[in-house]
Amino acid sequence: MSSCPFEDLKARGFIYQNTSEEAIKQLLAEGPVYFYAGFDPTGDSLHVGHLLPVMAMRRLQQAGHKPIVLVGGATGQIGDPSGKSEARVILSKEVVAHNAECLKKQLSKFISPDDAVFANNADWFNGMLYLDFLRDIGSKFSVNKMLTAESVKLRLETGLSFLEFNYMILQAYDFYMLNQKYNCRLEIGGQDQWGNITAGTELVRRIAQQEVHGITLPLLMNSSTGQKFGKSVGGAVWLDRNKTSIFDYYQFWRNTDDADVRKLMLYFTGLPIDEIDNICAASINRAKEILAYEATALAHSQEDAAKAYLGAGAKFGFADKENKIPTTSSIAKVQADAAVLDDLPTCNVTIPEEGIWIVKLLVEAGLCKSNGDARRLVQGGGAYLNDVRIDSADRNIMKSEIPAGGAILKAGKKNIKRIVAQ
C-alpha cells in the first residue's frame, strides 16, 4: 500500500471528485483521521453495488485511519433521491430499525469493528424538534443553491417531494454531528453524492468554523452491458446468503467481463497493483478466479470461498489448478480434496485389472443413455476425466487413474459425476 492513503486510493481508481486533493493529502498525513460513509437501510441486505465505498473505507482503515460507519436509521425513513427517477417506498420505523441492524452486521465483515465507530443517525434525529431544526439548520441553506445539485435537477422533471428535498439538509447535518462527536473530517460517498457531501462540508464550515472534506467514488458500470455494477440475470447480487447463494455470489465475480477484471481486482481485492497486472497478463481466467475467491472470502469467509472455488472448478474446470501463476492470495493454498468432491453426485464403479471401457463408464455413470450416445460424446470432444479430454472412444480407464477420493467424469461442462473405484 502507498505511504500516502490518498495516492493509494487514486492509483486504484477510487477517486472521482474531491474537495481539495492537497488538503486531503495533508489531513491524512497528520495522523489518524475520523472519516465516514453513510448507508441507508432501505433493505435488510447490501448488494455488491454498495461495496465500492466500503472497500475505500477498508483501505483507509488499513492505513491507520478511523472509519465511522453511519447507518441511516432516520434518513432511511425518507430515502435519498440521488440517482433515483422516482420516490422510494416509505418504510415503517420498525422495518428501518431491523434493516439497520442487518446492515451493521454485514458491514462489520469488511470494516473491523475493533477500530471503528458504528453510528445511527436516528440517535440525533428522532428526538429533534422540527421548528428548532428549521431555525438552526435550515436557515443555513440556500434553496437556489440546492436546486443546482445534480440529484435535485434530475428529479425536477419527474417530480420531487418536499420530504425528499430535505434529504440534502439531513445528510449535511449528519456530517456536522459526526464532526462534533468524533472530530470527523472527511466524508466518502458515491459519485451521485457530491451535492450532499459539499452541503455537509459547507454546513460544518459555517457552524463549527472547521474545514472538512469530501471524496466521491466513480459510478461503476459493466463494460459490455452498460448496466450499473451489481446486477445479474436474476437481479441484484446480495451479500445475504439467503438472497444470493455463496456459489452464485462467487460465480457473479468469476463471470466478470474480461475488460473489467483488472479494475475490479484493484477495487475489491487487497492484492498489490503490480501483482494484479502480472496475473491479468498471465491468465485472465486465473485473474477472475482470484477476484471471485477474494471477493467471496471478504463477504462470507475463506472457507466459503474455497468451497465455491473448488465447486466451480469441479464443474467448469480450473484456470491454474497447479498454482503456477504466483499470487499472494490464499487461493494458492486451496487444494481440491475429497471433502469437496463429496458434494458431487457419486457413482461407485467396479474396475477390472484391464480397465473399463470409457463408453461403458459414461453409461454406467448415467452421463449417457447408450453406448451410441457415449461414442458420439467422446468423438465430439465432450468427455473429460479430471479435466483432461478423452480423445478416443476405444480408450480403457485404468483403476490407477481414479484417485482414492474419486475422479471427476464430465459429459460437457455441466453434467458431472464423481467416480469412485471399487
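Structure: see above.
Fair warning: this is a prediction, and the values are worked out from it, not measured in the lab.

Definitions and cut-offs
- Residues numbered from 1 in each chain as written.
- Predicted model: local features only at pLDDT ≥ 70, side-chain atom pairs only at ≥ 80, totals over all residues.
- Heavy atoms only, no water.
- Helix = DSSP H or I, 4+ residues; strand = E, 2+ residues; numbered from the N terminus.
- Buried < 20%, exposed > 50% of the residue type's maximum accessible area, 1.4 Å probe, protein only.
- Contact = heavy atoms within 4.5 Å.
- Areas by Shrake-Rupley, 256 points an atom, 1.4 Å probe, with all protein chains shown as cover.
- Lys, Arg positive; Asp, Glu negative; His and termini not counted.
- Charge placed at Lys NZ, Arg CZ, Asp CG, Glu CD.
- Pairing = 2+ DSSP bridges.
- Axes fitted to C-alpha atoms, helices over the stretch in contact; angles between N-to-C directions.
- Patch = residues over 30% accessible without salt bridge, like charges linked within 9 Å, V, L, I, M, F, W, Y side chains within 5 Å.
- Salt bridge = Lys/Arg side-chain N within 4 Å of Asp/Glu carboxyl O.
- Left-handed = near helix turned anticlockwise from the far one by under 90°.
- Nonpolar A, V, L, I, M, F, W, Y, C, P; charged D, E, K, R; others polar.
- Right-handed = clockwise from strand over helix to strand, strands pointing away.

This part takes up the overall build of the protein. Secondary structure assignment for the protein yields 19 helices and 15 strands. In the protein, which comprises 422 residues, the proportion classed as buried is 50%. Put simply, 73% of the contacts in the protein that link residues at least 6 apart link residues at least 24 apart. Summed over its atoms, the accessible surface of the protein is roughly 19,900 Å², and 49% of this surface lies on carbon and sulfur atoms. Treating the 47 positive side-chain charges of the protein as one cloud and the 49 negative ones as another, the clouds have centres 2 Å apart.

Turning our eyes to something else, we now look at the side chain of T296. Summarising the element assignment, T296 is placed in helix α15 (residues 284–299). Classification of T296 by relative accessible area gives buried; the value is 0%. Excluding residues that lie within four positions of it along the chain, T296 makes contacts with I246, Y249, Y250, S301, D304 and A305.

To continue, consider the sheet that holds strand β5 (residues 186–190). Strands sit in the order β1-β6-β5-β2-β3-β4 across an open sheet of six strands; the sheet is mixed. Sheet topology places β1 (17–18) and β4 (117–120) at the edges, where each strand pairs with a single neighbour. Both β1 and strand β6 (residues 213–217) contribute to a ladder of two bridges, which runs antiparallel. Paired with Q17 across the bridge in β6 is T216. This element, helix α3 (residues 51–62), spans β2 (34–39), β3 (66–71), β5 and β6 of the sheet and lies at about 160 degrees to β2. Contacts between helix α4 (residues 93–107) and the sheet are confined to β2, β3 and β4, with β4 contributing the most and set at about 165 degrees to the helix.

With that settled, consider the environment of V152. Position of V152 among the secondary structure elements: in helix α8 (residues 150–156). Of the residues examined, V152 reaches a relative accessible area of 4% and is grouped as buried. Here the alpha-carbon distance between V152 and M168, two residues 16 residues apart in the chain, equals 9.3 Å. Residues within four places of V152 in sequence aside, it is in contact with M146, L147, L160, F165 and M168.

The subject of this paragraph is unusual backbone geometry. Only a minority of non-glycine residues have a phi that is not negative, and only a minority of peptide bonds are not trans. With phi around 50 degrees, Q209 is a residue other than glycine that occupies positive phi space. Of note in this structure, N323 is not a glycine but carries a positive phi near 55 degrees. On the accessibility criterion, N323 (22% relative accessible area) is partly exposed.

Take a nonpolar patch on the surface next. A cluster of nonpolar side chains, contributed by Y130, L131, L134 and F162, occupies part of the molecular surface with about 470 Å² of accessible area. Here L131 lies in helix α6 (residues 130–136).

Let's shift gears to the side chain of T201. Looking at where T201 falls in the secondary structure, it is placed in helix α11 (residues 194–208). Non-local contacts of T201, meaning those with residues more than four positions away in its chain, are made with T19, F175, V212, H213 and G214.

Let us look at the sheet that holds strand β11 (residues 383–385). Working definition: the strands of a sheet are paired by backbone hydrogen bonds and lie parallel or antiparallel to each other. Taking strand neighbours across the sheet as the criterion, the five strands line up as β9-β15-β14-β11-β12 in an open arrangement whose pairing is mixed. Since the sheet does not close on itself, it has two edges, and those belong to β9 (346–349) and β12 (388–389), each with one partner. Pairing analysis gives four bridges linking β9 to strand β15 (residues 415–421), with the strands arranged parallel. Looking across to β15, one finds that N348 is bridged to V420.

It is the contact of α15 with helix α16 (residues 302–316), at a shortest axis distance of 7 Å, that shows an interaxial angle of 145 degrees. The handedness of the crossing between α15 and α16 comes out as right-handed. Of the residues in α16, those in contact with R286, E289, Y293, T296 and A297 of α15 are Q302, D304, A305, A306 and Y309. Partitioned by chemical class, the residues of the contact of α15 with α16 number five nonpolar, two polar and three charged.

Take the pairing of β2 next. Pairing between β2 and β3: six bridges, direction parallel. The residue of β3 that forms the bridge with Y36 is I68. Between β2 and its parallel partner β3, the chain crosses via α3, and the hand of that crossover is right-handed. The sheet contact formed by β2 and β5 spans two bridges and is parallel. Paired with Y36 across the strands is E187, a residue of β5.

Let us now look at the pattern of salt bridges. Under the definition given, this model contains 21 salt bridges. The residue K25 makes a salt bridge to E7 at a minimum N-O spacing of 2.6 Å. In this pair, K25 sits in helix α2 (residues 21–29) while E7 sits in helix α1 (residues 5–11), placing the two residues 18 residues apart along the sequence. Residue K25 is classed as buried on the basis of its relative accessible area of 19%. Between E202 and R205 there is a salt bridge; the shortest N-O distance is 2.5 Å. Note that E202 and R205 are positioned in helix α11 at a spacing of three residues, about one turn of the helix.

That's the geometry; what it means functionally is another story.
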